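Examination of the molecular architecture
Okay, here's what each chain looks like letter by letter:
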Amino acid sequence: MKALDELIFDNRFARLGDAFSTSVLPDPIAEPRLVVASEAAMALLDLEPTEAHSPMFAELFGGHKLWSEAEPRAMVYSGHQFGGYNPRLGDGRGLLLGEVYNDAGEHWDLHLKGAGETPYSRMGDGRAVLRSSIREFLASEALHALGIPSSRALCVIGSSTPVWRETQERAAMLLRLAPSHVRFGHFEYFYYTRQPEQQRILAEHVLKLHFPECQTEPEPYLAMFRSIVERNAELIALWQAYGFCHGVMNTDNMSILGITFDFGPFAFLDDFDANFICNHSDDQGRYSYSNQVPIAHWNLSALAQALTPFISVPALQETLALFLPLYEAHYLHLMRRRLGLLRAEEDDKVLIERLLQLMQPGAVDYTLFFRKLGDQPAEQALQVVRDDFVDLAGFDRWAVDYLARIAREPDNTEGRRERMHAVNPLYILRNYLAQRAIEAAEGGDYEEVRRLHQVLCKPFEEQPGMQAYAERPPEWGKHLEISCSS
Ligand code: AMP
Ligand code: MG
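Since the structure is predicted, the reported quantities are computational estimates derived from the model, not experimental observations.

**Notes on the packing of aromatic side chains**
As enumerated under the stated definition, the model contains 26 aromatic pairs in all. A ring pair is formed by Phe 369 and Phe 370, whose centres lie 5.1 Å apart and whose planes are at 90 degrees; its orientation type is edge-to-face. When sorted by exposure, Phe 369 lands in the same class as Phe 370, which is buried. Consider the rings of Trp 398 and Tyr 402, whose centres lie 5.0 Å apart with planes at 5 degrees: the pair is stacked. With Trp 398 and Tyr 402 both in helix α13 (residues 392-407), this residue pair falls four residues apart, about one helical turn. Three or more aromatic residues link up through ring pairs in this structure, and these residues are Phe 272, Tyr 289, Tyr 366, Phe 369, Phe 370, Phe 389, Phe 395, Trp 398 and Tyr 402.

Structure representation (structure tokens):
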């Protein structure tokens, strides 16, 4: 275990030079204080957990101090936002402080979000508010605990620095960890600005560092693109299976590693609704829950376009065509497990689709449905969940087919509860839970954020005294409006 001043840096992205990022120093926030830290994320850097409570921790991640080996840089990228191309985005309020490697030899990007203005800030103030920093922190760590690939969050540092959004709020900083911060939009930037040499340097960098297994393939860049398609298919299957809505799937928010990245107005589904739009600013529902699948495909095709200097169009098209079948195979696998099915049968897809169609008009809590289904033997469990459906006759027909289906499983009772509970969380990051924790934190009380974080670290495990965190939203918490403002 290390102390804060013992981190070892190796800033490989910074060494690519000024065509890729610009040197910028963090602009500190006033009276920095620890809001919440993740011990699990600290462990990725081999950091001693007690370090979070040292004054140096809040000073470092509040932008007041810097390691001498850190080389803070704002990265340049572009991207398609809501379908339209924006030629220049970049880190407008975040800095890649450097890359740290741990004892296991893994490199982690240290990215400080809310670190002040950069050449890419455009009209923005370079800041992040406490509310959105807490939301990103909780979501990153909650997704990871669910087994969904995500960037990680080391900590949130609060401050007394005022920032203006719809009302006056306080600035905060979030320290984000990821093996890479390269987005689809990085490749788009060099493609559309016609800088083939820089684009090749970027592609080589990503290939060597993040897709080393592709280097020995006959066409390394094509193999890398294929891997990006595969990872995204798997990621989106997990989002859909667990009801996670990203909210702003612009290509600048898509990681080349296929991890959940750049959190804004995200949400987990409470009641199942295929058309759910979590982003209040998304009038057209471009990024609705069910659109996430075609949008991921669309984003991959935008990346493919940017890779045309390296890879033939037919090869890109052939690889892109893998996305939907791969997605579907992963999704079905996950949903079977959620339903307690171990084997695959031809008609499982229909069984799952019928269930979701029955859920649509009712008020069926998407998380608790699966949890309750596994809680008791299937016959009893079906009676418990039945009440929330509108089409009761339809549900009963589905229940008969489901019972017949599990009767064909080799092991349909033994271990069913443990098996299902191991994949069906009891606790998810519901918007209302986040909201409650944020309101307390805005009043200076960080206990609720910390408690919620602890609960979400073990989503599959029933935790004594924490029943309140498994409840459906109260009336006020059902229709919280979360916009892009952050
Ligand atoms: P996001 O919606 O957070 O993915 O951000 C989209 C783009 O706007 C990125 O280039 C961000 O760096 C930039 N941006 C967002 N908020 C701010 C802000 N408060 N100040 C400066 N740039 C920002
Ligand atoms: Mg972004």
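Picking up after the structure, the text goes on.
**A look at the UniProt feature "binding site: ATP" (unreviewed entry) in the chain**
Mapped onto this structure's residue numbering, the UniProt feature "binding site: ATP" (unreviewed entry) falls at Gly 90, Gly 92, Arg 93, Lys 113, Asp 125, Gly 126, Arg 176, Arg 183 and Asp 262. Along the chain, the position of Arg 93 falls in the loop between β5 (84-86) and β6 (94-101). Here Arg 93 falls in the partly exposed class, since its relative accessible area comes to 24%. Once residues lying within four places of it in the same chain are set aside, the contact partners of Arg 93 are Leu 112, Lys 113, Gly 114, Ala 115, Gly 116, Thr 118, Gly 126, Arg 127, Ala 128 and Ser 486. Here Asp 262 is to be found in the loop between β11 (244-245) and β12 (267-268). The exposure class assigned to Asp 262 is buried, which follows from its relative accessible area of 12%. Within the structure, Asp 262 has its side chain in polar contact with the side chain of Arg 183 (distance 3.0 Å).

**Concerning the environment of His 186**
Assignment of secondary structure puts His 186 in helix α4 (residues 184-192). For the pair His 186 and Val 293, spaced 107 residues apart in the sequence, the C-alpha separation amounts to 22 Å. Ignoring any residue separated from it by four or fewer positions in sequence, one finds His 186 in contact with Phe 13, Met 75, Val 76, Tyr 77, His 181 and Leu 202.

**Quick word on unusual backbone geometry**
Positive phi values are uncommon outside glycine, yet Glu 31 reaches one of about 50 degrees. Notably, Arg 122 is not glycine yet its phi reads approximately 50 degrees, a positive angle. Note that Arg 122 resides in the loop between β7 (107-113) and β8 (128-129).

**A short note on the UniProt feature "binding site: Mg(2+)" (unreviewed entry) in the chain**
With numbering matched to this structure, UniProt assigns "binding site: Mg(2+)" (unreviewed entry) to Asn 253 and Asp 262. When you line up the elements, Asn 253 lands in the loop between β11 and β12. In this view, Asn 253 contacts Arg 183, His 246, Val 248, Phe 261 and Asp 262; residues no more than four positions away in its chain are not counted. Polar side-chain contacts of Asp 262 include one of 2.7 Å to the side chain of Arg 176.

Reading guide: rules and limits
- Every chain is numbered independently, its residues counted from 1 as its sequence is written.
- Chains carry letters from A onward and ligands carry numbers from 1 onward, assigned in written order.
- The predicted origin of the model limits local features to residues at a pLDDT of at least 70 and limits the giving and counting of side-chain atom pairs to 80 or more, whereas totals for whole chains, interfaces and linings rest on all residues.
- Where side-chain values are given, they derive from all heavy atoms of the structure, hydrogens and water being excluded.
- Think of it this way: a Phe, Tyr or Trp ring, Trp meaning its six-membered ring, pairs with another when their centres are within 6.5 Å, and the plane angle makes it stacked under 30 degrees, edge-to-face over 60, tilted otherwise.
- Each residue is placed in one exposure class: buried if its accessible area under a 1.4 Å probe, protein chains only, is under 20% of its type's maximum, exposed if it is over 50%, and partly exposed if it falls in between.
- Elements are defined by DSSP. Helices are runs of H or I of four residues or more, strands are runs of E of two residues or more, and each kind is numbered from the N terminus.
- UniProt positions are given in the numbering used here, feature names are shortened, and annotations may be inferred rather than shown by experiment.
- What makes two residues a contact is simply this: any of their non-hydrogen atoms within 4.5 Å.
- As used in this structure description, the phrase polar contact means that two N or O atoms lie within 3.5 Å; if the pair is within protein, one of them must be able to donate a hydrogen and the other to accept it, and residues adjacent in sequence are counted only when both atoms belong to side chains.

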